[in-house]
Amino acid sequence: MPMVIGVVAGVAVVAVLALIGVFKMMWRVAEPNEALIISGSKHKTEGLEEGMGFRIVTGRGTLVLPGVQAVRKLSLDLNETELHVDCVTHQGIPLKVRGVVIFKVGDDFVSIANAGRRFLDQQKLMSERVHNVFAGHLRSIVGGLTVEEMIRDREKLTGQTRAACGTEMEKLGLIVDSLQIHEIEDPTGYIQNLAMPHAAAVQRDARIAQAEANRLATEAEQKSFARMAEATRDSEILQAGYQAERDKAGAKARQAGPLADAAARQEVVVQETRIAELEANRREQQLQADVRKPADAQAYEKRTLAEAERDARISAAQAKAKETELAAAAEATRVKTAAGAEAEATKARGTAMAASTRATGEAEAAAAQARGLAQAEATKAKGLAEAEAIKARAAALAENQEAVVAQQLAENWPEIVRAGASAFGSVDNMVVLNGADGMADMLAKALTMGGTGLGLARQLLASMNQNGQEPAGTSSLNGIATPPSAQKVPMDDK
């Protein structure tokens, strides 16, 4: 019993496997890019005529009876063919048109049936057939167009070609997905000649643009060079300034030694100058005691007389200025009165001109008054200025005379003493009695005689200051009047 069951199971398995194998042999599936054409029995397909003798299956599976029905595949993939067509335009110009046609079998059953009848065993020749169809129509269409139309409107050429080939492609069961004209070759150079004017214009514009660009670049370069030159100039100026500072510092360093020597010598000179000043002070004190006091008395007398004369001149100038001021005021009053009378007379001439005439009279009166006041002020200022000038000259004369006399006496004291000693010029031999006391008495007498000469010098200076010239019969010696009889007389050692 178990053996029977095993046999039955084996037979069942074999039967199932056999059924599966038979089913696989009978079942056919159409890929998305292909169509199955099943022939061998009469079938009716929607859209096709009855009794075509084959069945079309796309995108699904179907049962096929092996040995009774035949199954073939028709590709629905895209195909392309390149167009190389020699054409002649309406103008008789030969052209070579280069393009490409992308086509495929239509997805509807009618297109598949048409393509299956024509290309089922010749699918590799499909591109050649399509090329021949398009080449013929393209030659015909190009023959009715000009070169200019083909160049400027390629879409028109493409549209006419597709429209002309549409009926034939439909009969072949094909549809055109794309038609592109890639290139139009001109072996005669007609197209190139057409482009030459435009190319020349473009070249001209390009040259103009290039020239303009060169000009702008040149201007920019010139500005850049100018800025570079300016920067170089500023740099050189700065460098020159720095070099000058370095040179100055070097010069100071080189002069440090000489300056130190000069400072040392200056200190020596300062000390010598102080010594000389002390000596001069000592001499000045001696002169104060011997010369200044007698000279002060005479200077005071002259200063007093000068001040009196100055006061008299100032009083006279003030009186004159007051007189001028009063005269100017009187003139201003007279002018104002005359202007008022003129205004009243003008007012009487008519009421129509009263306002204008009155304004004119008042303006003239104000102007005359202003002129009178201005003249008075100017005269007054002039008189005061003259008085101040006289006063300043008198003060300067009084003060400067004292200073000048003192300074000139101090500077020319040796000459004055020498002039006093001239009294001994005619003495050949002198006997001094009483020793040193006699010698001192003799020197005192000489100084007394010198004092007489000093008084003469002061009188001569006063005369020169008053008259502005030197008295006759005298000569100037360092600002001190010296009698012409004063001469250097050598004295005996005795």
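Residues numbered from 1 in each chain as written. Predicted model: local features only at pLDDT ≥ 70, side-chain atom pairs only at ≥ 80, totals over all residues. Heavy atoms only, no water.

K.L.:
Could you give me a rundown of the overall build of the protein chain, with the residues and numbers involved?
P.N.:
Across its full length, the protein chain holds 9 helices and 10 strands. Out of the 494 residues in the protein chain, the part that is buried amounts to 25%. Accessible area for the protein chain stands at about 33100 Å²; split by element, carbon and sulfur atoms hold 57% of it. (Helix = DSSP H or I, 4+ residues; strand = E, 2+ residues; numbered from the N terminus. Buried < 20%, exposed > 50% of the residue type's maximum accessible area, 1.4 Å probe, protein only. Areas by Shrake-Rupley, 256 points an atom, 1.4 Å probe, with all protein chains shown as cover.)

K.L.:
Go over the packing of helix α3 (residues 126-142) against helix α5 (residues 154-171) with me, naming the residues and quoting the values.
P.N.:
With their axes 9 Å apart at the nearest point, α3 and α5 run at an angle of 135° to one another. Classified by the interaxial angle, the pair formed by α3 and α5 is oblique. For the element pair α3 and α5, the recorded crossing hand is right-handed. Contact residues: V130, V133, F134, H137, L138, I141 and V142 in α3; L157, Q160, T161, A164, C165, E168 and M169 in α5. Each residue belonging to the contact of α3 with α5 can be placed in one class, and the counts come to 10 nonpolar, 3 polar and 1 charged. (Axes fitted to C-alpha atoms, helices over the stretch in contact; angles between N-to-C directions. Parallel < 35°, antiparallel > 145°, perpendicular 65-115°, else oblique. Left-handed = near helix turned anticlockwise from the far one by under 90°. Contact = heavy atoms within 4.5 Å. Nonpolar A, V, L, I, M, F, W, Y, C, P; charged D, E, K, R; others polar.)

K.L.:
For the side chain of T62, give the residues involved together with the corresponding values.
P.N.:
Turning to its location among the elements, T62 is positioned in strand β4 (residues 61-63). Within polar-contact distance, the side chain of T62 engages the side chain of R55 at 2.9 Å. Not counting residues up to four positions away in its chain, the partners in contact with T62 are M26, W27, R28, I38, R55 and V57. (Polar contact = N/O pair within 3.5 Å; in protein donor to acceptor, adjacent residues only side chain to side chain.)

K.L.:
I'd like a description of the pairing of strand β6 (residues 79-88), backed by residues and values.
P.N.:
As paired elements, β6 and strand β7 (residues 94-105) share 10 bridges and run antiparallel to each other. Counted as the bridge partner of H84 is R98 from β7. If you look at the hairpin formed by β6 and β7, you'll find 5 residues sitting between the two strands, and G92 has a positive phi there, around 80°. (Pairing = 2+ DSSP bridges.)

K.L.:
Please set out the sheet that holds β6 residue by residue, giving values where relevant.
P.N.:
Pairing between sheet strands relies on hydrogen bonds along the backbone, with the strands arranged either parallel or antiparallel. Spatially, 3 strands are ordered β6-β7-β8 in an open sheet, and the strand pairing comes out antiparallel. The sheet is open, and its two borders are formed by β6 and β8 (174-185), each paired with just one other strand. Each strand axis lies, on average, 20° off the axis of its neighbour in the sheet, ignoring direction. Where α3 meets the sheet, its contacts fall on β6, β7 and β8, and the angle it forms with β6 comes to roughly 30°. Contacts from α5 reach β7 and β8, with the element oriented near 145° to β8.

K.L.:
Outline the pattern of salt bridges, listing residues and values.
P.N.:
Tallied over the entire structure, the rule returns 14 salt bridges. A salt bridge links R313 to E309; its shortest N-O distance comes to 2.5 Å. Pair noted here: R313 and E309 are both in helix α6 (residues 190-349), with a separation of 4 residues, about one helical turn. Classification of E309 by relative accessible area gives partly exposed; the value is 42%. Residue E331 is joined to R334 by a salt bridge in which the shortest nitrogen-to-oxygen separation is 2.4 Å. Pair noted here: E331 and R334 are both in helix α6, with a separation of 3 residues, about one helical turn. Look at E331 and you get partly exposed, because its relative accessible area is 36%. Residue R334 is classed as partly exposed on the basis of its relative accessible area, which comes to 49%. Connected through salt bridges with shared partners, the residues E212, R215 and E219 form a single ionic network. (Salt bridge = Lys/Arg side-chain N within 4 Å of Asp/Glu carboxyl O.)

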